[in-house]
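As a plain string of letters, each chain reads:
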Amino acid sequence: MTQHQRLLIIDFGSQVTQLIARRLRELNVYCEIHPFNHVSDAFLRDFAPRAVILSGGPASVCDAGAPMPPASVFTLGVPVLGICYGQQVMMHCLGGRVERGEGSAEFGRAHVTPADDPLDLLEGWFESGREQVWMSHGDHVAALAPGFAVYGTSPGAPFAITADKARRFYAVQFHPEVHHTPRGARLLGNFVALAGFTGDWTMGAYRDEAIRAIREQVGDGKVICGLSGGVDSSVAAVLIHEAIGEQLTCVFVDHGLLRLGEAEQVVSMFRDHYNIPLVHADESALFLGALEGVSDPEKKRKTIGRLFIDVFQKHATETGGAEFLAQGTLYPDVIESVSFSGGPSVTIKSHHNVGGLPEKMGLKLVEPLRELFKDEVRSLGRELGLPESFIGRHPFPGPGLAIRCPGEITSEKLDILRRADAVYIDQIRKHGLYDEIWQAFAAILPMRTVGVMGDGRSYDYALGLRAVTSVDGMTADYYPFSHEFLSETATRIINEVRGVNRVFYDVTSKPPGTIELE
């Protein structure tokens, strides 16, 4: 859809390739990630990138059948940046030599020092004499390709930064995209500047383009949108409504697993503030009935996903005549649906979405957010005038409180959980911490504990509190609350929420844990 200046990221399977794209989007540069085995000469001609980045990856160029880019990448006449494996594959393809690690591997922090000659890629670097970077490589470049020179070295990588200035080919052994390379964003900014990017990727421009595209795709047809109350589906709904007005109908399925007052907030915002036609389907009895006695987390997720599809289909059919289904699909969903190697990925846990619904219902998809990352969706929401209190909300899982209630789900436990979670979030807001935290929530644990309340013995539920910091949810650290905050919060919960007599704080990172409990 986009007509912006475009940068191509060729993915060789790095776990942090998405971070390259996120850093570039922050610089108002439009980029796309495509697996190496999807990038052909014809693809390159059609995509017409202004620059190319070769990502890192787990393979070795020393192995037979190692992932390679098409040779035409190096004859496009545009700047190319190789990162880690991308550096090695560049050297390999252009006449250099790469050798296996055997004592020269580097993992973790390292420091790069500059060579004597200046390099436009490194403008603003080395002001203090050296730069901290993040290394993660076993193999190493043993001989440079013709035309390349060294512009930075580290103890384990004598060719840490190399370049062929004439052809505008640049290669680094470290990962500038990760936060552990503090000035990596500056390096990437220099790269896109020397490639002539003007920073034309903005949410204001995207909004206008998306509205035109929606009108062109939909015409005078009707669209239904499964509204979860989350940021993604809400922004998609408001954007589509701005494009086609009354041709859109939203279906909000209340599965009885929402937070305190959440259903009322969603219905009020869409009916009263945006005047968007909305079907409020209160199906809580159906969902809670089907989940009765279910304790396995995967079965919970699958039950909720199956019922959501059935209920949505029922109410969508009642609206009559819809030809299109709108979804809040994001760019990470698109990327992750295609493995760089074409092989299966490990499933950590099932995700609640409406995958398979279009085929079942015979509807065409409208996915206006499929080119955006989460932070870009929030920016678009601001462009569309959604309230900041809604846009900035912490992520909330599709299965809702079901996965914050390990073990069997009951109405009693859900009621306790809703009230405790509300107190916890109120505490975080009162202390001015909400925007520092990626996600925070309470979970009711599958255990009762003995306590003393007043002059009597209590035997009530234990509650777990979780709060994490993260950039994208792929990794996370627990938030370091003060002991005073935790003590105050635990006291409030126990005093204000009947049924809880003990509170724990979860200090597990991701990995090894996940953000949610189930």
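Worth saying up front: this structure is predicted, and the values here are computed from it rather than measured.

Peer 1: Could you give me a rundown of the state of the cysteines, with the residues and numbers involved?
Peer 2: Using the criterion set out here, one finds zero disulfides in the structure. Cys84 takes part in no disulfide bond, and the closest cysteine sulfur, belonging to Cys62, lies 13 Å away. On the basis of relative accessible area, Cys84 is assigned to the buried category, the value being 5%. The closest cysteine sulfur to the non-disulfide-bonded Cys225 is located on Cys250, 4.5 Å from its own sulfur. Among the residues examined, Cys225 registers a relative accessible area of 1% and is labelled buried.

Peer 1: Which residues make up the pattern of salt bridges, and what values do they have?
Peer 2: A pair can form between side chains of opposite charge whenever their charged atoms are brought close. Under the counting rule described, the total for this entry stands at 23 salt bridges. One salt bridge connects Lys302 with Glu298, and the closest N-O pair in it is separated by 2.9 Å. Taken together, the positions of Lys302 and Glu298, both in helix H9 (residues 297–319) and four residues apart, correspond to about one turn of that helix. For Lys302, a relative accessible area of 49% gives the class partly exposed. With relative accessibility at 26%, the residue Glu298 sits in the partly exposed group. In this structure, the salt-bridge partner of Arg492 is Glu496, at a minimum N-O distance of 2.8 Å. With Arg492 and Glu496 both in helix H15 (residues 483–496) and four residues apart, this pair spans about one turn of that helix. When its relative accessible area of 18% is taken as the criterion, Arg492 is described as buried. One salt-bridge network, held together by shared partners, links Asp426, Lys430, Arg492 and Glu496.

Peer 1: Could you give an account of the packing of helix H5 (residues 203–218) against helix H6 (residues 231–244), naming the residues involved and the relevant values?
Peer 2: Direction vectors running N to C along H5 and H6 enclose 65 degrees, while the axes themselves pass 9 Å from each other. The two elements H5 and H6 meet at a crossing, and its hand is right-handed. Between H5, through Arg207, Ala210, Ile211, Ile214, Arg215 and Val218, and H6, the contact on the second element is made entirely by Leu239, Ile240, Glu242, Ala243 and Ile244. Of the residues contributing to the contact of H5 with H6, the split by class is eight nonpolar, no polar and three charged.

Peer 1: Which residues make up unusual backbone geometry, and what are the values?
Peer 2: The amide bond that connects Lys510 to the next residue, Pro511, takes the cis arrangement and shows omega of -15 degrees. Despite not being glycine, Ala48 shows a phi value in the positive range, around 50 degrees. Looking at where Ala48 falls in the secondary structure, it is placed in the loop between helix H2 (41–47) and strand S3 (51–54). In this structure, Arg168 is a non-glycine residue whose phi angle is positive, near 60 degrees.

Peer 1: Describe the pairing of strand S10 (residues 157–164), naming the residues involved and giving the relevant values.
Peer 2: Taken across its eight residues, S10 has seven buried, putting it largely inside the fold. By the bridge criterion, four bridges tie strand S9 (residues 149–154) to S10 in an arrangement that is antiparallel. Its bridge partner being in S10, Val150 is matched across the sheet by Thr162. Between S9 and S10, which follow one another and run antiparallel, lie two residues.

Peer 1: Give me the lowdown on the packing of aromatic side chains, citing residues and values where you can.
Peer 2: One pass over the structure, following the stated rule, counts 17 aromatic pairs. When the ring of Phe12 is compared with that of Phe36, the centres are 5.8 Å apart and the planes differ by 15 degrees; the resulting orientation is stacked. Separated by 24 residues along the polypeptide, Phe12 in the loop between strand S1 (6–11) and helix H1 (17–26) and Phe36 in the loop between strand S2 (30–35) and H2 bring together distant segments of the chain. Across this residue pair, the class does not change: Phe12 and Phe36 are buried. Taking the centre distance of 5.6 Å and the plane angle of 85 degrees together, the rings of Trp125 and Phe126 count as edge-to-face. Note on accessibility: Trp125 and Phe126 belong to one class, buried. Each member of the aromatic cluster is reached from another via a ring pair, and the members are Tyr424, Tyr478, Tyr479, Phe481, Phe485 and Tyr505. When the ring centre of Phe396 is taken as origin, the NZ or CZ atom of Arg259, which lies over that ring, is 4.0 Å away.

Cut-off values and rules
- Residues numbered from 1 in each chain as written.
- Predicted model: local features only at pLDDT ≥ 70, side-chain atom pairs only at ≥ 80, totals over all residues.
- Heavy atoms only, no water.
- Disulfide = S-S within 2.5 Å.
- Buried < 20%, exposed > 50% of the residue type's maximum accessible area, 1.4 Å probe, protein only.
- Salt bridge = Lys/Arg side-chain N within 4 Å of Asp/Glu carboxyl O.
- Helix = DSSP H or I, 4+ residues; strand = E, 2+ residues; numbered from the N terminus.
- Axes fitted to C-alpha atoms, helices over the stretch in contact; angles between N-to-C directions.
- Left-handed = near helix turned anticlockwise from the far one by under 90°.
- Contact = heavy atoms within 4.5 Å.
- Nonpolar A, V, L, I, M, F, W, Y, C, P; charged D, E, K, R; others polar.
- Pairing = 2+ DSSP bridges.
- Phe/Tyr/Trp six-rings, centres within 6.5 Å; stacked < 30°, edge-to-face > 60°.
- Lys NZ or Arg CZ within 6 Å of the ring centre and 35° of its normal.

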